[in-house]
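# Results of the structural survey
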Amino acid sequence: MTGQKSHLTPKHRGLRKRWYGRLDKVKVTVEGKMALSSSVLLVLVFLTAEVTLSTGSNECVARNFGHGSVVCECNSTHCDSVGSVTLHPLGQFSSYLSSRAGSRLEAGGGAVQGNSTGAGLRLTIVPYQKYQKIRGFGGAMTDAAAINILVVRVPMASCDFSTRLYTYADTPGDYNLDNFTLAPEDIKMKIPLLQRAQALSPVPLSLLASAWSAPAWMKTNGALIGKGSLKGQPGGKEHKSWAQYYIRFLEEYAKYNLTFWALTTGNEPSAGHITNYSFQALGFTPEEQRDWVALDLGPALHTSSHTHTHVLILDDNRLLLPHWAKVVLSDIHAGKYIHGVAVHWYLDSLVPAEISLGVTHHLFPEYYLFGTEACSGFSPLDRGVKLGGWDRAEHYARDIIEDLNHYVVGWTDWNLALDQTGGPNWVKNFVDSPVIVDAKRDVFYKQPTSTASPTSGTAFSSRPIFRGDGPMKSNQITLLHSKFLLEGSQRVGVLANQHTDLEYTAFIRPDGSVVLIVLNRSSTVIQFEVWDPAVGYISSTVPDHSLITLAWNTQ
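Residues numbered from 1 in each chain as written. Predicted model: local features only at pLDDT ≥ 70, side-chain atom pairs only at ≥ 80, totals over all residues. Heavy atoms only, no water.

What follows covers the nonpolar core. Tyr168, Trp242, Tyr245, Phe249, Tyr253, Leu329 and Ile338 are the most contacted members of the largest nonpolar core, which totals 61 residues. Counting residues per element, this core draws most heavily on helix 3 (residues 237-254), at eight residues. Each residue touching Phe249, except ones within four places of it in the same chain, is listed here: Val154, Met156, Tyr168, Phe180, Leu182, Ala209 and Phe260. Listed in part, the 37 residues of the second largest apolar core include Ile400, Trp414, Phe507 and Ala551. (Core = buried A, V, L, I, M, F, W, Y, C linked by side-chain atoms within 4.5 Å. Buried < 20%, exposed > 50% of the residue type's maximum accessible area, 1.4 Å probe, protein only. Helix = DSSP H or I, 4+ residues; strand = E, 2+ residues; numbered from the N terminus. Contact = heavy atoms within 4.5 Å.)

Once that is clear, we can look at the packing of aromatic side chains. This model, assessed by the stated rule, comprises 25 aromatic pairs. A ring pair is formed by Tyr96 and Phe484, whose centres lie 4.9 Å apart and whose planes are at 50°; its orientation type is tilted. Residue Tyr96 is found in strand 6 (residues 92-99), and its partner Phe484 is found in helix 9 (residues 476-484); the two are separated by 388 residues along the sequence. Here the two residues Tyr96 and Phe484 agree in accessibility, since each one is buried. Between the aromatic rings of Phe249 and Tyr253, the centroid separation amounts to 4.6 Å while the plane-to-plane angle is 40°, which identifies the pairing as tilted. Separated by four residues within a single helix, Phe249 and Tyr253 lie in helix 3, roughly one turn from each other. Members of the aromatic cluster, joined through ring pairs, are Tyr168, Phe180, Trp242, Tyr245, Tyr246, Phe249, Tyr253, Phe260, Phe284 and Trp292. (Phe/Tyr/Trp six-rings, centres within 6.5 Å; stacked < 30°, edge-to-face > 60°.)

Its location among the elements puts Thr372 in strand 15 (residues 368-373). Only 3.3 Å separates the side chain of Thr372 from the side chain of His344, close enough to count as a polar contact. (Polar contact = N/O pair within 3.5 Å; in protein donor to acceptor, adjacent residues only side chain to side chain.)

In an α-helix, one turn spans 3.6 residues, which is why side chains three or four residues apart end up on the same side. With 18 residues, helix 3 extends 25 Å between its outermost C-alpha atoms, agreeing within 8% with the 26 Å of an ideal straight helix rising 1.5 Å per residue. Along helix 3, the positions that sit buried rather than exposed are Glu238, His239, Ser241, Trp242, Ala243, Tyr245, Tyr246, Ile247, Phe249, Leu250, Glu252 and Tyr253. Contact partners of the buried residues in helix 3: strand 10 (151-156), helix 2 (184-200), strand 11 (206-211), strand 12 (260-264) and helix 4 (286-302). (Expected span 1.5 Å × (residues − 1).)

All quantities given are derived from atomic positions and should not be read as evidence of function.
This is the structure we're talking about:
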């Protein structure tokens, strides 16, 4: 990529060096097909721990690639970081601004006023209107990426972001899984990086497992890709072997001191019903998934040593809700083993959040909703990596805010990091990521999306979560949500006194402080005030095409 413009912002916040271990120049190669350079380890350190290795400044080293905004370049000696967030004392508020114009978590603040500022638009915090509590934010550790933060979604064996097709039990007829074996991708890449991330993280990682396909010999089409489902019926030998495959995966990872918070019933089961589907898939109807959980997966987990691992159904697009949830969760035999519903963000525009997420929550409030996959650059009309694309950051922020306002308790990016092509991906299903690695220069770029999504650390959670076998993804948008919306933060009501183009959500954190996230996708600067009856009035301005987080103590 050529034609770059570089500048270092003039403000200097001093030198802070906190080394959490040595960054060696390391390359890990799996069967000659994939190498992870020291850039990946840099991503691991900078995104998993609150680390700033600065030479002269803690600011973004901005690069403009001509896509509307800038990326922040990081290397072995420098990466911009908001650091640990400490709110101003009672009577003051903190603010963090990211914008298309180039601001990246720009810190600010001011005094809370006793009287109204007179702004036309007022957002009122309604603390007695209480909704869901946050569980966490994160991304996926695929073969392409191999690391993320907060919630980590780990693919079980290969997915499209692998460099080859494989499962852990490819010996035909091995119903007892005597030849079940983790792959080199697990042993040499994902497991070591997960262990490294856990060592760096101040809190335990929350690992989430998802499988893309059963072994070909278990499937009706005899292949990992394309249209196919499990042979036989729930309760039969293929279905029971597939359930035991999950248990064996959990057992093998446990040998490396890696335990899983949750697993899903399989990535995008609807894809396995599409003729000539181009990559790994396993088809389930909601009725088949219901019966497989009731007869096979649920009992297998219940009799294993992993009884505390949560089960999330669906792991597919929300347009399948509420029907899918009605079929599965209305059955008491399946429902007793299930904890939540996992949703993807693709095709969200086809169905309103209230009709899908909202109705599902109201029908089954005892089961939580969790976002398990999202990425930009998947559309044929806007494919692949777009360095500095602010429109994608706004898409992330809007989706996260909408999900949070409809009872979702966490949000997971797809790939924590990818290369400059949007891969590697064996089927060339290239997409974008919050972090793009330039291995030749030994640097990585933090995309605008990293300020809008939960993996980057500014607004939604403090629990690391990995998602397994594909690319790495993190951005400013993700950072915003994960840095401020700590686990246990509870959404509360917000009322606007007039119509506004702003999109917003508010939470009370476990320590009683309040976080308000406001997105302005319009081309107009908007002034507003916040009224929190517990403290007073906060005056703020949100620039055009920007995202701001306001936070304040109430005691």
